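Residue-level structure breakdown
Residues per chain, in single letters:
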Amino acid sequence: MTAEAPIRLGTRGSALALAQSQRVADSIAARTGSPVELVTISTLGDRSTAPLESLGGAGVFVTAVREALLAGECDVVVHSLKDLPTAPHPELAISAIPKRADARDALVARDGLTLEQLPPGARVGTGSPRRRAQLRRRRADVEVVDLRGNVDTRIGRVLGDREGVDADLDAVVLAVAGLERLGRDEVITEHLGIAGWPTAPGQGALAVETLATVSGPLRSALQGIDHAATRVSVEAERAVLRLLEAGCSAPLGANAFIDGGMLFLAARVYSEAGEQVSAAHALYVDDTRTPGEDAAKRVVDELLAQGAADLAPLGGAR
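Read on for an overview of the structure. Since the structure is predicted, the reported quantities are computational estimates derived from the model, not experimental observations. (Residues numbered from 1 in each chain as written. Predicted model: local features only at pLDDT ≥ 70, side-chain atom pairs only at ≥ 80, totals over all residues. Heavy atoms only, no water.)

1. A word on the overall build of the protein
Regarding its fold elements, the protein presents 11 helices and 13 strands. The C-alpha atoms of the protein give a radius of gyration of 20 Å, which matches the 20 Å a tight globule of 318 residues would have. Dimensions of the protein, computed from C-alpha atoms along their principal axes, come out at roughly 70 × 50 × 35 Å. With 318 residues in all, the protein has 51% of them scored as buried. A fraction of 67% describes how many contacts in the protein between residues 6 or more apart in sequence connect residues 24 or more apart. Here the protein displays about 14,100 Å² of accessible surface, and carbon together with sulfur accounts for 50% of that area. One way to put it: in the protein the 34 positive side-chain charges average out to a point 2 Å from where the 42 negative ones average out. (Helix = DSSP H or I, 4+ residues; strand = E, 2+ residues; numbered from the N terminus. Rg over C-alpha atoms; globule rule 2.2 N^0.38 Å. Buried < 20%, exposed > 50% of the residue type's maximum accessible area, 1.4 Å probe, protein only. Contact = heavy atoms within 4.5 Å. Areas by Shrake-Rupley, 256 points an atom, 1.4 Å probe, with all protein chains shown as cover. Lys, Arg positive; Asp, Glu negative; His and termini not counted. Charge placed at Lys NZ, Arg CZ, Asp CG, Glu CD.)

2. Points about the nonpolar core
In this structure, V240, L244, L252, L265, V269, L303 and L314 are the most contacted members of the largest nonpolar core, which totals 27 residues. Secondary-structure elements contributing two or more residues to this core are α9 (228–244), β11 (252–259), β12 (262–270), β13 (276–284) and α10 (292–305). Core analysis: the second largest hydrophobic core is formed by 15 residues, V78, A96, L206 and I225 among them. (Core = buried A, V, L, I, M, F, W, Y, C linked by side-chain atoms within 4.5 Å.)

3. Some points on the sheet that holds strand β3 (residues 76–80)
Strands sit in the order β2-β1-β3-β10-β4 across an open sheet of five strands; the sheet is mixed. Each of the sheet's edge strands pairs with one partner strand only, and the pair in question is β2 (36–41) and β4 (92–96). Each strand of the sheet is rotated relative to its neighbour by a mean of 35°, with strand direction disregarded. Bridge count for β3 against strand β10 (residues 206–211) is four bridges, and the pairing is antiparallel. Bridge assignment links V78 to a residue of β10, and that residue is V208. (Pairing = 2+ DSSP bridges. Axes fitted to C-alpha atoms, helices over the stretch in contact; angles between N-to-C directions.)

4. Some points on the side chain of Q203
Tracing the backbone through its elements, the reader meets Q203 in the loop between β9 (190–192) and β10. Polar contacts involving the side chain of Q203 include one to the side chain of D105, which spans 2.8 Å. Aside from chain neighbours lying at most four places away, what touches Q203 is K82, R100, A103, R104, D105, R130, R131 and A175. (Polar contact = N/O pair within 3.5 Å; in protein donor to acceptor, adjacent residues only side chain to side chain.)

5. A word on unusual backbone geometry
Here D111, not a glycine, exhibits a phi torsion of approximately 60°, which is positive. Here D111 lies in the loop between β5 (105–109) and β6 (123–126). Residue E245 is not a glycine yet carries a positive backbone phi of 50°. Within the fold, E245 resides in the loop between α9 and β11. Accessibility expressed as a relative area gives 52% for E245, which makes it exposed.

6. Thoughts on the packing of α9 against α10
Running from N to C, α9 and α10 cross one another at 45°; their axes reach a closest spacing of 8 Å. By the angle between their directions, the pair α9 and α10 is classed as oblique. The handedness of the crossing between α9 and α10 comes out as right-handed. In contact with A236, A239, V240, R242, L243 and L244 of α9, α10 contributes G292, E293, A296, K297, V299, V300, L303 and L304. Taken together, the residues that form the contact of α9 with α10 break down as 10 nonpolar, one polar and three charged. (Parallel < 35°, antiparallel > 145°, perpendicular 65-115°, else oblique. Left-handed = near helix turned anticlockwise from the far one by under 90°. Nonpolar A, V, L, I, M, F, W, Y, C, P; charged D, E, K, R; others polar.)

Take a look at the structure:
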């Protein structure tokens, strides 16, 4: 008797990508009864230390993973949803979006400091244009330092590295979800609240992508993993990004949630210097429609009316 062929799950090779992909693999295995094997894929974003904007934005992490799926090297892949381009791929489908983790950003600072407690001139690291703008708005007196590398490397720049790398930053800003998935949330010195510090569309959520023609037990398993409220919320956030034609690396924050049968969506666009415009809308969710697109259009129209296109490079200006 031959052993059952495993389901091949493609993932980037970083510790964070492997940790979050393993969770999805375990869920698929439990629902199908089949073994799931992780297939590690190297991407340009992982190999290069250049700023993400110069490589084409966060989508640089996605291309190689998608190519492996299209080439038949794996059966399913996992992305951080915030890295995924908003334009649909004609041959692929987001077959599951599991329940979202914490969408907030976190500060990891020396000596247990909060953002307000950092001294003038403190060096704060981030590779995100949105976070850079938010830092400049909240603390114009700190030095914002461009930062790349995996989560442990970034933490090491503040707290010292396990391999002996000296700390040269006073703080870094990271996603809470990534720290929690790696079991490193003990280093957080401040959770930055969504209301005053909106995060990237889709932050904290995962996208499980397959060929559009996926069928059988794998398709059924992914339907079981999909979390409806998370999907509605993140699709609304991503619709803001798509309608503004802003790109994954735009200085833009958007957050949505469902409460009491209503979808609440808020978004904010920043200039490089930290100027901002914001908009928010709420619409009812029912069994016949999900109002994410409608809410996003209203938010985008209001942002543009307030001059969002003058603050940031937005292809959706009209």
